[in-house]
Amino acid sequence: SCKALKQIELPASLTEIGAYSFNGCVALEKVSVLGRITSIGSNAFDGAGVKHIVLPDSLTSIGYRAFAGSSLETITIPSSVTSIGTQAFAYCKNLKSLVCNADCALPQYAFSDCGVLSEVKLGNKVTALGYGAFQSCKALKQIELPASLTEIGLIHSMVALHWKKFLCSEELHQ
């Protein structure tokens, strides 16, 4: 069990964080990534105490529920990411800020139930928003949609009720 693990330095030789690697490590607050990680497996940090992690530019894949229920406060997804799993960041109760530069779609429920998420910046490579991507993110009052979006899944009514602004680029209107 890793319930007492407080920090870890991932070696430079590591290229993948496997499924369930740090699942439930509630005391784990600091993760240092030294290597060229290309993928983070399903449930890798699910329920972990990690508050902040710098995702490397080598990262291409974030698995199903990889960070779900973790203690993340901010996250920046690099442009190298081409695949994000369903519910990858769902239930992150402390997540306040998201910068997503990924070159892919945000899948169903990607950030659902992140109740204090109030800042979202979607880069110009995000191609779609899946159904319920921001469901129950009650602190999210506005979101600016990039021109790169080609598909928007059903916006869950629980989110829409709280949004004050839904900004679209001129290209998206056409």
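Because the structure is a prediction, the values reported are computed rather than measured.

Definitions and cut-offs
Residues numbered from 1 in each chain as written. Predicted model: local features only at pLDDT ≥ 70, side-chain atom pairs only at ≥ 80, totals over all residues. Heavy atoms only, no water. Helix = DSSP H or I, 4+ residues; strand = E, 2+ residues; numbered from the N terminus. Buried < 20%, exposed > 50% of the residue type's maximum accessible area, 1.4 Å probe, protein only. Contact = heavy atoms within 4.5 Å. Pairing = 2+ DSSP bridges. Axes fitted to C-alpha atoms, helices over the stretch in contact; angles between N-to-C directions. Core = buried A, V, L, I, M, F, W, Y, C linked by side-chain atoms within 4.5 Å.

Observations regarding the overall build of the protein chain
Move 1: For the protein chain, the helix and strand inventory stands at 2 helices and 13 strands.
Move 2: The proportion of buried residues among the 174 residues of the protein chain is 47%.

Here's the deal with the side chain of S70
Move 1: Counting through the fold element by element, S70 comes out in the loop between β5 (61–62) and β6 (74–77).
Move 2: Using a relative accessible area of 3% as the deciding quantity, one classes S70 as buried.
Move 3: Excluding residues that lie within four positions of it along the chain, S70 makes contacts with F45, G47, A48, V50, Y91, C92 and K93.

A look at the sheet that holds β6
Move 1: Taken together, the 3 strands give an open sheet; going across it, the order is β6-β8-β9, and neighbouring strands pair in parallel fashion. Of all strands in the sheet, those bounded by a partner on one side alone are β6 and β9 (119–122). Sheet twist, expressed as the average angle between the axes of neighbouring strands with direction ignored, equals 0°.
Move 2: Sheet topology note: the strand β8 (residues 97–100)/β9 ladder contains 4 bridges and is parallel. From the neighbouring strand, V99 faces β9, where its bridge partner is K121.

Thoughts on the environment of A128
Move 1: Relative to the helices and strands, A128 resides in strand β10 (residues 128–129).
Move 2: Exposure remark for A128: the relative accessible area of 10% places this residue in the buried category.
Move 3: Once the C-alpha coordinates of A128 and L106 are considered, the two residues, 22 residues apart in sequence, prove to be 6.0 Å apart.
Move 4: Excluding anything up to four places from it in sequence, A128 contacts C104, A105, L106, L149 and E151.

Concerning the nonpolar core
Move 1: In terms of nonpolar packing, the biggest core is built from 47 residues, with F45, I77, F111 and F134 touching the most fellow members.
Move 2: Residue assignment for this core shows that the elements contributing at least two residues are β6, β8, β9 and β11 (142–145).
Move 3: Here I77 is in contact with L55, I62, I84, F89, L98, V99, C100, N101, A102 and F111, once residues within four sequence places are set aside.

Thoughts on the sheet that holds β5
Move 1: What the 4 strands build is an open sheet, ordered β2-β4-β5-β7; its pairing is parallel. Among the strands making up the open sheet, the edge pair consists of β2 (16–17) and β7 (83–84).
Move 2: Pairing of β2 with strand β4 (residues 39–40), which is carried by 2 bridges, proceeds in the parallel orientation. The residue bridging I17 from the neighbouring strand is I40, located in β4.

Looking at unusual backbone geometry
Move 1: Positive phi, close to 55°, is recorded for R65, a residue that is not glycine.
Move 2: Along the chain, R65 falls in the loop between β5 and β6.
Move 3: Given the relative accessible area of 17%, R65 is considered buried.
Move 4: Non-glycine residue Y91 carries a positive phi angle of around 65°.
Move 5: Along the chain, Y91 falls in the loop between β7 and β8.

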